[in-house]
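Chain by chain, the residues:
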Amino acid sequence: MSAEAADREAATSSRPCTPPQTSWFEFVLEETLLEQHLQKPSPDPPPVQLIVQFLEQASKPSVNEQNQVQPPPDNKRNRLLKLFALKVAAHLKWDLDVLEKSLSVPVLNMLLNELLCISKVPPGTKHVDVDLSSLPPTTAMAILLYNRWAIRTIVQSSFPVKQVKPGPPQLNVMNHIQQEKELTENILKVLKEQAADSILVLEGALKLNKDLYVHTIRTLDLLAMEPGMVNGETESSTAGLKISAEEIQCQVCYDLGAIYFQQGSTNAAVHEKAKEKFFKTKELIAKNGSSSLHFTIDEERLAGYCEACEVLTSSSDDASQQATPYSQIHSCMKSGKYQDLVKIFLEDNLTLSLPEQFRQSVLRELFQKAQQGNDALDEVCFKVCVCNTVCDILQGRIIDVQFCQLFLKPSKEKIDFLLEVCSGSINLESASEELKRRMAAFLKNLCLGMEDLQFVFMISSHELFIKLLKDDERKLLIDQMRKRSPRINLCTKPVTSFYDIPGDRVREYSIIGTNVAVAAVPRKGTLPLDLDTLMMTQLCASASVNIGQLEHQLILSVDPWRIRQILIELHGMTSERQFWTISNKWEVPNVYGSVILGIKDSLTRDLVYILMAKGLHCCTIKDFVHAKQLFAACLELVTEFSPKLRQVMLNEMLLLDIYTHEAGAGASGERPPSDLISRVRGYLEMRVPDIPLRQVIAEECVAFLLNWCENEYLTMQVPLPLVQTNPYVKLGQLLAATCKELPGPKESRRTAKDLWEVVVQICSVSNQHKRGSDGRVSLIKHRESTLGIMYRSELLSFIKKLREPLVLTTILSLFVKLHNVREDIVNDIAAEHISIWPSSIPNLQSVDFEAVAITVKELVSYALTINANNHFWLIIQADIYFATNQYSAALHYYLQAGAVCSDFFNKMVPPDVYTDQVIKRMIKCCSLLNCHTQVAILCQFLREVDYKTAFKALQEQNSHDAMDSYYEYIWDVTILEYLTYLHHKRGETDKRQIAIKAIGQTELNASNPEEVLQLAAQRRKKKFLQAMAKLYF
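The numbers attached to residues start from 1 for each chain and follow its sequence in the written order. Reporting of local features is limited, given that this is a predicted model, to residues whose pLDDT is at least 70; pairs of side-chain atoms are given and counted only at 80 or more, and all residues count toward the totals for whole chains, interfaces and linings. Water and hydrogen atoms were dropped before computing side-chain values, which therefore reflect all heavy atoms in the structure.

- An unreviewed UniProt entry lists the protein under the name INTS8 TPR repeats domain-containing protein, from Chloebia gouldiae.
- UniProt positions are given in the numbering used here, feature names are shortened, and annotations may be inferred rather than shown by experiment. Here the protein is described in UniProt, under the heading Sequence similarities (unreviewed entry), as follows: "Belongs to the Integrator subunit 8 family."

### Here we look at the overall build of the protein
In step 1: For the protein, the count of helices and strands is 47 helices and eight strands.
In step 2: Within the protein, the fraction of its 1033 residues that count as buried is 45%.
In step 3: Residue contacts are defined here by distance: any two heavy atoms, one from each residue, within 4.5 Å place the two residues in contact. Pairs at least 24 residues apart make up 66% of the contacts formed inside the protein by residues separated by at least 6 positions.
In step 4: Only the protein chains shown count as cover for residues, and the accessible areas themselves come from Shrake-Rupley with a 1.4 Å probe. Of the roughly 54,000 Å² of accessible surface on the protein, 52% is carried by carbon and sulfur atoms. Put simply, DSSP marks the helices as runs of H or I at least four residues long and the strands as runs of E at least two long, and each gets a number from the N terminus on. Here's how the labels work: a residue is buried when its accessible area is under 20% of the maximum for its type, exposed when over 50%, partly exposed in between, all with a 1.4 Å probe on protein chains only.

### Structural notes on the packing of aromatic side chains
In step 1: Under the pairing criterion, centres of Phe, Tyr and Trp rings, with the six-membered ring standing for Trp, must be within 6.5 Å; the plane angle then separates stacked pairs below 30 degrees from edge-to-face pairs above 60, leaving the rest tilted. Scanning all chains against the criterion turns up 21 aromatic pairs.
In step 2: Judged by centre distance (4.4 Å) and plane angle (10 degrees), the ring pair of Phe278 and Tyr305 falls under stacked. Taken together, the positions of Phe278 in helix H13 (residues 270-288) and Tyr305 in helix H14 (residues 299-313) put the pair 27 residues apart, joining distant regions of the chain.
In step 3: Overall, Phe278 belongs to the buried group, its relative accessible area being 0%.
In step 4: Taking relative accessible area as the criterion, Tyr305 reaches 10% and is therefore assigned buried.
In step 5: Plain terms: the ring middles of Trp756 and Trp837 are 6.5 Å apart, the flat faces sit at 25 degrees to each other, and that makes the pair stacked. Highlighted residues: Trp756 in helix H36 (residues 750-762) and Trp837 in the loop between helix H38 (805-820) and helix H39 (849-866), separated in sequence by 81 residues.
In step 6: Judged by its relative accessible area of 4%, Trp837 falls in the buried class.
In step 7: An aromatic cluster of three or more residues is present, and its members are Phe941, Tyr966, Tyr969, Trp971 and Phe1024.

### Comments concerning the pattern of salt bridges
In step 1: We define a salt bridge as a contact between a side-chain nitrogen of Lys or Arg and a carboxyl oxygen of Asp or Glu at a distance within 4 Å. According to the stated counting rule, one finds 30 salt bridges in the structure shown.
In step 2: The salt bridge involving Lys412 is made with Asp416; its shortest N-O contact spans 3.2 Å. Of this pair, Lys412 and Asp416 both sit in helix H20 (residues 412-424), four residues apart, which is roughly one turn of that helix.

### Brief notes about the nonpolar core
In step 1: Residue types Ala, Val, Leu, Ile, Met, Phe, Trp, Tyr and Cys, when buried and joined through side-chain atoms within 4.5 Å, form a set referred to as a nonpolar core. Counting residues in hydrophobic clusters, the biggest one holds 164 residues, and the most contacted among them are Phe815 and Tyr914.
In step 2: When sequence neighbours within four positions are dropped, the list of residues in contact with Phe815 reads Val759, Cys763, Leu795, Ile799, Val852, Thr855, Val856 and Leu859.
In step 3: Formed by 78 residues, the second largest nonpolar core is a distinct cluster that contains Leu34, Ile51, Ala90 and Val214.

### Some points on helix H42 (residues 916-928)
In step 1: Take the number of residues in a helix, subtract one, and multiply by 1.5 Å to get its expected span. Taking 1.5 Å of rise per residue, the 13 residues of H42 would be expected to cover 18 Å, and the 18 Å separating its terminal C-alpha atoms lies within 8% of that figure.
In step 2: What H42 keeps buried is the set Val918, Ile919, Arg921, Met922, Ile923, Cys925 and Cys926.
In step 3: At its buried positions, H42 is contacted by helix H40 (871-883), helix H41 (887-900), helix H43 (932-939), helix H44 (947-954) and helix H47 (1010-1032).
In step 4: In the stretch just after H42, Asn930 is the one whose phi turns positive, near 65 degrees.

### Focus: H41
In step 1: Here H41 is 14 residues long and its end C-alpha atoms lie 20 Å apart, about the 20 Å a rise of 1.5 Å per residue gives.
In step 2: Across the 14 residues that make up H41, a large majority, eleven, are buried.
In step 3: For H41, the full list of buried residues reads Tyr887, Ala889, Ala890, Leu891, Tyr893, Tyr894, Leu895, Gln896, Ala897, Gly898 and Ala899.

### A closer look at the environment of Leu979
In step 1: Summarising the element assignment, Leu979 is placed in helix H45 (residues 973-986).
In step 2: Placed 17 residues apart in sequence, Leu979 and Ile996 show a C-alpha to C-alpha distance of 8.8 Å.
In step 3: Those residues in contact with Leu979, other than ones at most four positions away along the chain, are Leu954, Tyr967, Ile970 and Ala995.

### Looking at the environment of Ile466
In step 1: With respect to the helices and strands, Ile466 occurs in helix H23 (residues 463-468).
In step 2: Here the alpha-carbon distance between Ile466 and Ala440, two residues 26 residues apart in the chain, equals 9.5 Å.

### So, the confidence of the model for the protein
In step 1: Of all residues in the protein, 82% attain a pLDDT of 70 or more, and the chain-wide mean is 78.
In step 2: Low pLDDT, under 50, characterises residues 227-237; the predicted model gives this stretch 20 contacts beyond four residues in sequence or across chains. In predicted models, pLDDT denotes the confidence assigned by the predictor to each residue on a 0 to 100 scale.

### Section: the packing of helix H10 (residues 195-205) against helix H12 (residues 245-263)
In step 1: Axis geometry follows a simple rule: fit a line to the C-alpha atoms, using only the stretch in contact for helices, then measure angles between N-to-C directions, giving values from 0 to 180 degrees. It is the contact of H10 with H12, at a shortest axis distance of 10 Å, that shows an interaxial angle of 145 degrees. Where H10 crosses over H12, the handedness of that crossing is left-handed. Packed against H10, whose contacting residues are Ile199, Leu202 and Glu203, the element H12 presents Val252, Leu256, Ile259, Tyr260 and Gln263 at the interface. Left-handed describes a crossing whose near helix is turned anticlockwise from the far helix through less than a right angle; right-handed describes the clockwise counterpart.

### Thoughts on the packing of helix H35 (residues 727-740) against helix H37 (residues 792-799)
In step 1: H37 packs onto H35 with a crossing angle of 55 degrees between their chain directions and a minimal axis gap of 12 Å. Judged on the interaxial angle alone, H37 and H35 are oblique. Crossing geometry of H35 relative to H37 is assigned as right-handed. Along its contact with H35, which presents Tyr728, Leu731 and Leu735, the element H37 presents Glu794, Leu795 and Phe798.
In step 2: Three classes are used: nonpolar for Ala, Val, Leu, Ile, Met, Phe, Trp, Tyr, Cys and Pro, charged for Asp, Glu, Lys and Arg, and polar for all others, with Gly counted as polar. When grouped by side-chain class, the residues that make up the contact of H35 with H37 number five nonpolar, no polar and one charged. The scheme is simple: roughly parallel for angles under 35 degrees, roughly antiparallel for over 145, roughly perpendicular for 65 to 115, oblique for anything else.

### Here we look at unusual backbone geometry
In step 1: You will see that Lys622, though not glycine, has its phi angle at about 65 degrees, which is positive.
In step 2: One can find Lys622 in the loop between helix H28 (602-620) and helix H29 (624-639).
In step 3: Overall, Lys622 belongs to the exposed group, its relative accessible area being 60%.
In step 4: Non-glycine residue Phe904 carries a positive phi angle of around 55 degrees.
In step 5: Looking at the secondary structure, you find Phe904 in the loop between H41 and H42.

### Focus: the environment of Ile811
In step 1: Mapped onto the fold, Ile811 is located in helix H38.
In step 2: We classify Ile811 as buried; its relative accessible area is 2%.
In step 3: Between the C-alpha atoms of Ile811 and Ile799, which are twelve residues apart in sequence, the distance is 8.3 Å.

### Considering the side chain of Arg605
In step 1: With respect to the helices and strands, Arg605 occurs in helix H28.
In step 2: None of His or the chain ends enter the tally, which takes Lys and Arg as positive and Asp and Glu as negative. Comment: no salt bridge for buried Arg605; closest opposite-charge side chain is Asp606, at 4.7 Å.
In step 3: Of note is the side chain of Arg605, whose polar atom sits 2.8 Å from the backbone oxygen of Ile599.
In step 4: Each residue touching Arg605, except ones within four places of it in the same chain, is listed here: Gln578, Trp580, Ile596, Leu597, Ile599 and Lys600. Two N or O atoms count as a polar contact when they lie within 3.5 Å, although within protein this holds only if one can serve as hydrogen donor and the other as acceptor, and sequence-adjacent residues are included solely when both atoms are side-chain atoms.

So this is what it looks like as structure tokens:
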């Protein structure tokens, strides 16, 4: 072995290996391991990750022998895992900044609830009703910590959050994210409802003048060692980490100030309270120092809050407040003295006390006011923007795009003000070389960007420009300007102009056969430039500006006659340009492009292309009035020389008329005129050879006929060759025939079978076998196969053009049936007319069921945008959520389906909507959400009451619903009798009395007539379903 190889082997063998990450169950097996792990300098996994793992394992639901999901058991393992999570939080000293940064809202909510439980806070107790001074120190501190987190979470939720870029879509991950999002929203909703109570608790904490204690690992160990403990209760509540009264007041004041400041957006008077709390915090920090064992306060953020409160609470006669730039700007904005803003911003360019974000926010507000119709603010916006831009230049930031937009059309007044701001923003005697260099570069680039030499001379002759730029830099600038002259061919059209150029004499120039008289007045300090160069530059710049301005007008104009006039002018100035290419927004379909670009005359080619492109763009943005004008002008133009393009324009105008009717009168249900229907039929039957056709027009025509129930034409009158050659016509014919026969006998379902076979082919994948290098044969599936008459994406696009309810219901029913025939389906989806479709597929493996499932979801979502009150579509949406284990969302749509067809449950829900299958799925949703009392009540809704499920649900003690508050909705006496027995057996006297009160109502007496009993049941159904709707909507 060589020496080099030996060295490499020695280095490799001596390289330390990364130790494996410790798993959560290892801490359960060896309890002392946790403290050792936390004492490491960089523990892996880190503490916050351990909290997530412990609580996630402790809250995992279990599955019984009947394969039913049960809530997590209260056993020794789960109690130990919760204790470990609390220990890790205690190791972090209950620092909410650390916990909030790394833990989600649901996890932190669970952790703090465990802290409340272990600190002897009775569950269900309102914290606002508890006297903190009478509680043990650790108990009071737990309540304080929870309510601080509550209002901090409310404040944090009001801030905009940058969306995380999603990765590849994975169903399990997406379901988990959706469930966590829903859970977070529910927790936030509860926290916001209890915000007033949390504020009162914290206000009460400010009156405590005693030290408190928070649990440490040692005190939590004491809890675990105490005999006979119940839910972790212990008397060791004065042990733990001591938190001084001043420290508590400091943090509570800060948190209260934050919530008051957030509430001030809707109630300005609350800003006074926020100011009081923030300044109290500032005072306590100054008194006790910012270094703390337990709390950390962002002093920069606190200073910002104090500054903002000073501004928001200042009065117009408060002279002391007017001393700060913030207060002055706020006063100017409030009183409408916008001109004074410019002075403030100009002065701040020297002091640079205002942050960039604040300057930009003021400018945005001014722009908003200007856009609302205050024309006087246009000048103020420009001046403030100039001040901000010069400030950015001096601090080395990039020039904002707003300045470039406002400076597109410079004027003498704008240049004068800009130079005034530049001069007032830099003190040449004390400024650093870097500042001078930045300002010089800005002025030089400004000159290079100017087309008009008059403005260039204004800048170059200014005192600041001369002092900042050296002689060689000024000469270099002249050379750069000279190089810009050959950009435009001036020989194509004579240009006559008169200019005032600084100089010492008057000269006459004969340029391109046009005499140009040049007169000038000398200026003191003006840089003398070569007059020949200046004159040529000016002429070239003038032609360049002229063409640029015309091109700009061409892009903006939607008037066909103005477009024609501009193109004539442009072609008169230069014949070398293709003006249809100047905007990348001008797009014409490829089938048309080859015909249009084949026009020999360049002016006609540009005009036809631009008119059509602008017309298509107006169609896209639903500006149908201008689209019609542009298409009409284009039709008139092409009629003179091209029958092919004439037919193209007639087709596009037909499509435009369809769009116009569907967006206007058609949206309110008015039938289209017979002329339009005839034109649609004529287009479908058209057989003119060599006419370029867009597929979208055929799609829209077929969708138009289906939407307006022209089923007779589609099934009986459409020519057979058209059905054979146009897939959309064939699909439309099958849809129309199927809808026409609904409902019908089994013999009339032939068309339904034909439609089924067409859609199955579209959703099938082509399988190919490929032999690998190892000799094995692998199966390759092509998602978008050509087995069908069109691609699945094309079919979906076509369906999303349909609006007729029966057509949508039919195609939705077909896809639901196709979704249900797969072998591994667990939960079927219900739909109308589902029995008309075949119940099996010969080649089941060829169907891409993943694509079918996605299509069903997209179709239901689209259908509900057409009619959000169709209860059958709502049931399908609910079934989809149920099949994907999103039980809260499923309940939302089940309840919504019942609400829309019963006047929000004031009438009886039709039995074909709330079938036994729907009720059983609602029961399962409630059971999996641990809402067991709701399960028992819903068992009464079945045709035969399911007592077994109801009794089993009522035996559950860990219910997440209102429990005994729901007893008034029970009308079945057997269930009420069982409740009475159950609460008596448990010794729950109060709940037993509620059940006895419910059973004792005279209208539930079994001796009553059947009508009375039915009325009592119906009234309770109504109230219960309305309560459920308020809960899940």
